[in-house]
Amino acid sequence: MNNTYQRIVLAARPQGEVTPDLFRLETVPLPELADGQLLIRNHYLSLDPYMRGRMDDARSYAAPQPLDETMIGGTVGEVVASRHPSFREGDFVAAMGGWAEMAVSDGAGLRKLDTSAVPLSAYLGVVGMPGMTAWYGLNRILELQPGQTVCVSAASGAVGSVVGQLAKLRGCRAVGIAGGPEKCDYVVRELGFDACVDYRGGDLRGDLKAAAPDGIDGIFENVGGPVFDTALARTNPFARVALCGMIAGYNGEDIPLRSVRVLLKNRITLRGFIVTEHLDCWPQGLAELGSLVAAGQLKYRETVSQGLASAPEAFIGLLKGRNVGKQLVKLV
Ligand code: NDP
């Protein structure tokens with residue numbers, strides 16, 4: 001085994017948009033394993049919108065990414081050496097291995113993965129944190145009844161694609177909002193949403209009215225801004241909102257709510273949530289998602305960039321909406 005590996009550290013904090021020069025690729029020595037530790041070769045790195053927030057030195061629900069340290073990130077990989085009693089060489093695990101080819105772990109927070117029916121990479125998406133986000137927001141916040149309509153923004157993405165499919169399995173009408181005709185086509189034809197509105201199409205209000213003729217009973221919000229305002233304006237009385245993400249504002253832009261009046265007028269319940277604060281639900285949710293994927297009832301797509309060095313550009317692409325489905329980096 002090579003006694004060095006590559007990693008990417010955060011070199012500087014962004015002022016607005018993320019640029020490649022904020023990251024630095026480094027070659028570092030592989031540490032000796034101590035008793036109780038294991039070494040993982042990361043096969044895939046997950047790129048997620050939350051990483052943009054961590055790059056800022058701002059007060060939030062999570063601590064900022066420290067400068068000159070390995071960028072935070074979820075990974076799946078194979079145990080290649082172990083001095084830990086519960087893990088053996090050849091085990092596949094999900095970890096927070098970061099933007100790096102290798103990771104040393106003491107076993108805390110690791111999840112052993114069964115790759116017989118679910119591909120390894122899917123544990124970072126549909127059967128991982130994004131899938132759980134969809135599951136939690138839909139089942140624990142929106143709690144829709146069959147026949148009701150859910151509207152989900154960033155519908156072709158890692159979270160949104162699962163929201164709509166789970167809603168369909170509950171007997172709901174699923175309406176997506178996504179950027180561009182190709183993404184909308186994928187959302188309807190491949191994922192089985194009832195309709196998908198292209199928010200760049202020029203008539204979001206009119207198109208959403210046509211797509212949700214009976215109004216909206218639940219909003220799963222991933223974007224914020226005009227997309228959210230327009231969905232709110234079409235809500236039915238007592239609609240619920242699972243406020244999951246506000247990607248339109250992750251570069252620091254203010255994203256005001258156009259009118260608060262609709263919240264009162266329609267007696268709306270709005271709840272923000274952070275999926276990692278609900279770990280008690282993960283075993284149930286992940287088991288359900290895994291069974292659905294294994295049975296072919298939950299479809300997903302991945303946008304995969306090749307090699308660790310491609311991670312910064314792939315991350316910038318994710319923040320600009322260039323991905324369809326889960327954005328991954330293949331490391332092996
Ligand atoms: P996606 O795979 O959906 O990728 C991001 C997508 O956001 C882009 O492809 C793009 O799709 C869309 N987008 C819409 N508007 C904008 C905009 N103004 N600028 C940039 N992109 C835009 O990401 P995820 O599924 O991983 O995450 C979706 C949302 O869920 C994010 O807001 C994320 O922060 C949030 N999240 C929240 C969690 C929680 O615990 N609360 C956990 C996980 C994710 P399009 O081309 O269609 O616009």
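Residues numbered from 1 in each chain as written. Predicted model: local features only at pLDDT ≥ 70, side-chain atom pairs only at ≥ 80, totals over all residues. Heavy atoms only, no water.

**Structural notes on the packing of aromatic side chains**
Aromatic rings considered in pairs are described by the distance between their centres and by the relative angle of their planes.
And step 1. A complete count under the given rule lists 5 aromatic pairs for this structure.
And step 2. Between Y136 and F273, the ring centres sit 5.5 Å apart and the planes meet at 35 degrees, which makes this aromatic pair tilted. Of the two residues, Y136 sits in helix 2 (residues 129-142) while F273 sits in the loop between strand 13 (269-272) and helix 8 (282-294), which places them 137 residues apart along the sequence. Both residues of the pair, Y136 and F273, count as buried.
And step 3. Ring centres of F220 and F273 lie 6.2 Å apart, and the angle between their planes is 80 degrees; on these two criteria the pair is classed as edge-to-face. One end of the pair, F220, is in strand 11 (residues 216-221); the other, F273, is in the loop between strand 13 and helix 8, and 53 residues separate them in sequence.
And step 4. Looking at F273, the relative accessible area reads 6%, which means it is buried. (Phe/Tyr/Trp six-rings, centres within 6.5 Å; stacked < 30°, edge-to-face > 60°. Helix = DSSP H or I, 4+ residues; strand = E, 2+ residues; numbered from the N terminus. Buried < 20%, exposed > 50% of the residue type's maximum accessible area, 1.4 Å probe, protein only.)

**Focus on the packing of helix 2 against helix 3 (residues 158-169)**
And step 1. Helix 3 packs onto helix 2 with a crossing angle of 45 degrees between their chain directions and a minimal axis gap of 8 Å. On the basis of their axis angle, the class for helix 2 and helix 3 is oblique. Read as a crossing pair, helix 2 and helix 3 show a hand that is right-handed. On helix 3, the residues that touch P130, G131, T133, A134, W135 and L138 of helix 2 are A158, V159, V162, V163, L166 and A167. (Axes fitted to C-alpha atoms, helices over the stretch in contact; angles between N-to-C directions. Parallel < 35°, antiparallel > 145°, perpendicular 65-115°, else oblique. Left-handed = near helix turned anticlockwise from the far one by under 90°. Contact = heavy atoms within 4.5 Å.)

**Let's talk about the nonpolar core**
And step 1. With 49 residues, the main nonpolar core has V76, M132, L166, F220, L289 and L298 as its most contacted residues.
And step 2. Counting only elements with at least two residues in this core, the list comes to helix 2, strand 8 (149-153), helix 3, strand 9 (173-178), helix 4 (181-190) and helix 8.
And step 3. Take this core: its biggest share by element is 7 residues, from helix 2.
And step 4. Judged by nonpolar contacts, the second largest core, of 20 residues, contains V227, F228, L232 and I268. (Core = buried A, V, L, I, M, F, W, Y, C linked by side-chain atoms within 4.5 Å.)

**A look at the environment of A210**
And step 1. Of note, A210 is situated in helix 5 (residues 204-211).
And step 2. Judged by relative accessible area, which is 59%, A210 ranks as exposed.

**Things to note about the domain arrangement of the protein chain**
And step 1. Each domain of the protein chain was delimited in the assignment, giving domain 1 (4-124 + 301-330) and domain 2 (129-276).
And step 2. Look at where the C-alpha atoms of domain 1 and domain 2 centre, and you get two points 29 Å apart.
And step 3. On the side of domain 2, 12 residues touch domain 1, which itself brings 15 residues to the contact.
And step 4. At the boundary of domain 1 with domain 2, total buried surface from both sides reaches about 1200 Å², with 57% on carbon and sulfur atoms.
And step 5. Among the residues domain 1 hides against domain 2, the three largest losses belong to R52, Y61 and R301. Together they make up 31% of the total.
And step 6. Joining domain 1 to domain 2, the criterion identifies 1 salt bridge. (Domains from an automatic or database assignment. Buried area = accessible area lost by both parts, 1.4 Å probe. Salt bridge = Lys/Arg side-chain N within 4 Å of Asp/Glu carboxyl O.)

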